[in-house]
Amino acid sequence: MKKLFQRNCPDCNDVIYYTDIGNYTKSLKHNYQCRKCYNNRIYTCPNPNNNPKCKNKRNKRAKVCVSCKHYGRKLSEDTKLKISNGTKGENSPNFGKIYTEKEKKHLSNKLKEFRKINPVSDKTKEKMSISAKKHWQPIIEQNKLKMPEKKRYYNDVRRITRQQPIHLLENYNKIGLAGISGAYHVDHMVSKKVGFDNNIDPNIIGNIVNLQIIPWLENVSKIEKCSISIEQLLEKYNKTKC
Ligand SMILES: [Zn+2]
Ligand SMILES: [Zn+2]
């Protein structure tokens with residue numbers, strides 16, 4: 001085959017040979033790339049919607065990228081439901097799949113690596129907490145009903161105590177484990193037992209008004225004695241409410 005004409009590829013500067021003058025003039029006119037560059041070319045998305053999440057690269061046959069295709073599209077409630085049900089429950093491709101321990105470990109490691117690069121945004125965290133509450137709240141409430149009343153009351157008090165701004169109390173930085181000298185404990189002035197026996201709202205027993213931080217030995221030896229009376233506590237609590 002005779003190599004009559006030659007020119008350089010505009011991208012990689014390799015020499016391209018032509019045997020036919022028609023092909024040569026045509027490629028000169030349109031400034032064609034070599035075959036290698038042509039096959040490896042990237043299809044860029046024209047981004048017609050000014051979509052900020054445009055992926056720039058598009059499929060060979062598509063007009064725009066996947067993101068631009070769906071951007072700004074308004075879906076009816078019906079189609080939204082269909083989409084969300086399409087991968088839910090039994091329709092999920094992994095429905096009923098049982099993983100071995102090795103697979104579980106591998107998946108969790110993969111997720112950890114992924115999360116290092118792509119941390120969860122606050123918006124998704126909110127969504128996750130809402131869906132978790134939806135799932136767990138009925139289960140928690142059922143379990144609560146099974147629990148003895150006293151245990152439920154103690155749990156309520158503990159939960160409310162955890163929500164209090166304990167760092168405002170005196171000796172906060174001395175809190176430690178029992179058995180260590182100089183360690184302090186959070187103590188309920190009117191004890192949980194007295195609160196339960198007298199039918200006092202757990203919100204009042206767990207409130208910061210009823211909390212103090214004292215040495216652990218004092219707390220343990222006190223057991224069920226109260227350092228203030230119920231009337232004093234109620235008075236204190238009502239003052240903060242006003
Ligand atoms: Zn080239
Ligand atoms: Zn795009």
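Rules used in this analysis
Residues numbered from 1 in each chain as written. Chains lettered and ligands numbered in written order. Predicted model: local features only at pLDDT ≥ 70, side-chain atom pairs only at ≥ 80, totals over all residues. Helix = DSSP H or I, 4+ residues; strand = E, 2+ residues; numbered from the N terminus. Rg over C-alpha atoms; globule rule 2.2 N^0.38 Å. Buried ≥ 20, exposed ≤ 12 C-beta atoms within 10 Å, placed from the backbone. Contact = placed C-beta atoms within 7 Å. Expected span 1.5 Å × (residues − 1). Domains from an automatic or database assignment. Core = buried A, V, L, I, M, F, W, Y, C linked by C-beta atoms within 7 Å.

## A few points about the overall build of the protein chain
Then, number 1: If you tally the helices and strands in the protein chain, you get 11 helices and four strands.
Then, number 2: For a compact globule of 242 residues, the expected C-alpha radius of gyration is about 18 Å, and the protein chain comes in at 35 Å, more than 25% above that figure.
Then, number 3: Each principal axis of the C-alpha atoms in the protein chain carries an extent, and together these give about 110 × 50 × 45 Å.
Then, number 4: Across the 242 residues in the protein chain, those meeting the buried criterion constitute 9%.
Then, number 5: Counted over contacts in the protein chain with a minimum sequence separation of 6, partners at least 24 positions apart contribute 45%.

## Regarding helix H5 (residues 101–117)
Then, number 1: Taking 1.5 Å as the rise per residue, H5 with 17 residues should run 24 Å; its terminal C-alpha atoms sit 25 Å apart, in good agreement.
Then, number 2: Of all 17 residues that make up H5, zero are buried, and the element is exposed over most of its length.

## Quick word on the domain arrangement of the protein chain
Then, number 1: Under the domain assignment, the protein chain is made up of domain 1 (5–39) and domain 2 (149–241).
Then, number 2: The C-alpha-based centres of domain 1 and domain 2 are spaced at 85 Å.

## A short note on unusual backbone geometry
Then, number 1: Positive phi, close to 65°, is recorded for Asn13, a residue that is not glycine.
Then, number 2: Inspection of the secondary structure puts Asn13 in the loop between strand E1 (5–8) and strand E2 (15–18).
Then, number 3: Of the residues examined, Asn13 has 8 C-beta atoms within 10 Å and is grouped as exposed.
Then, number 4: One non-glycine residue, Asn47, adopts positive backbone phi at about 50°.
Then, number 5: Assessed through the 17 C-beta atoms surrounding it within 10 Å, Asn47 is described here as partly exposed.

## A closer look at the environment of Thr240
Then, number 1: For Thr240, the location among the structural elements is in helix H11 (residues 230–241).
Then, number 2: Overall, the presence of 9 C-beta atoms within 10 Å leaves Thr240 in the exposed class.
Then, number 3: For the pair Thr240 and Ser129, spaced 111 residues apart in the sequence, the C-alpha separation amounts to 31 Å.

## Considerations on the nonpolar core
Then, number 1: Core analysis: the biggest nonpolar cluster contains seven residues, these being Val157, Val190, Ile200, Ile204, Ile205, Val209 and Leu233.
Then, number 2: Leaving out residues up to four positions away in the same chain, Ile205 has contacts with Val157, His188, Val190, Lys192, Gly195, Ile200 and Asn210.

## Comments concerning helix H1 (residues 21–30)
Then, number 1: In terms of burial, H1 is a largely surface element, zero of the 10 residues being buried.
Then, number 2: Positive phi appears at Asn31, one or two residues downstream of H1, with a value of about 55°.

## Details of the environment of Tyr71
Then, number 1: Of note, Tyr71 is situated in the loop between helix H3 (66–70) and helix H4 (77–86).
Then, number 2: A C-alpha to C-alpha distance of 7.4 Å links Tyr71 and Asn49, two positions 22 residues apart in sequence.
Then, number 3: Once residues lying within four places of it in the same chain are set aside, the contact partners of Tyr71 are Asn49 and Asn51.

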